[in-house]
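# An overview of the molecular structure
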Amino acid sequence: QIQLVESGGDSVEAGGSLRLSCALSEYTWRPYFISWFRQAPGKEREGVGGIARDGKTLYTDSVKGRFTISQSDAKDNVYLQIDTLKPEDTAMYYCAAAGIKTLSARQFPYWGQGTQVTVSS
């Protein structure tokens, strides 16, 4: 079954940028919707955005404009580019795979282990 491995998290100053990566297996032949989620301590896990195999994206309104999701030509990596980082972006970031286009965490059966993003003010 599909496996997902995140990388790219770091501790950075506000205003900086990061690109997170999600390495996938089986995605080149299965039409999974791949999404990024984040969860800060004591807060609910929220969907940031996702991308379908055809390249169509879906974003949460609160991050649209600063967050950009893309995929490799082979569709075996999904990227989350975060620009103009803010302290409130601090969270564990996860990528996940689902069979439908959604940002509801409970509908995603496959998850990576997460990568930590910490933004200092």
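So, here is what we can say about the structure in this document. Owing to the predicted nature of the structure, the values given are computational and were not obtained by experimental measurement.

With that settled, consider the sheet that holds strand 7 (residues 67-71). Here we have 4 strands laid out as an open sheet, ordered 1-3-8-7, and antiparallel in their pairing. What marks the edges here is a single partner per strand, and that holds for strand 1 (4-7) and strand 7. Averaged over neighbouring strand pairs, the angle between their axes works out to 15° when direction is ignored. Bridge count for strand 3 (residues 18-24) against strand 8 (residues 77-82) is 6 bridges, and the pairing is antiparallel. Among the inter-strand pairings, A23 is bridged to a residue of strand 8, identified as N77.

One can find Q81 in strand 8. Residues Q81 and T68, spaced 13 residues apart in sequence, show a C-alpha to C-alpha distance of 5.0 Å. In this view, Q81 contacts S17, L18, R19, R66, F67 and T68; residues no more than four positions away in its chain are not counted. Polar side-chain contacts of Q81 include one of 2.9 Å to the side chain of D83.

Of note, L24 is situated in strand 3. The class of L24 is buried, set by a relative accessible area of 13%. In this structure the C-alpha to C-alpha distance between L24 and T90, which are 66 residues apart in sequence, comes to 24 Å. Not counting the four nearest positions on each side in its chain, L24 is found in contact with Q3, L4, I34, K75, D76 and V78.

With respect to the element layout, L18 can be found in strand 3. With a relative accessible area of 10%, L18 lands in the buried category. Each C-alpha atom of the pair L18 and A74 lies 22 Å from the other, and the pair is 56 residues apart in sequence.

Conventions and cut-offs
- Residues numbered from 1 in each chain as written.
- Predicted model: local features only at pLDDT ≥ 70, side-chain atom pairs only at ≥ 80, totals over all residues.
- Heavy atoms only, no water.
- Pairing = 2+ DSSP bridges.
- Helix = DSSP H or I, 4+ residues; strand = E, 2+ residues; numbered from the N terminus.
- Axes fitted to C-alpha atoms, helices over the stretch in contact; angles between N-to-C directions.
- Contact = heavy atoms within 4.5 Å.
- Polar contact = N/O pair within 3.5 Å; in protein donor to acceptor, adjacent residues only side chain to side chain.
- Buried < 20%, exposed > 50% of the residue type's maximum accessible area, 1.4 Å probe, protein only.

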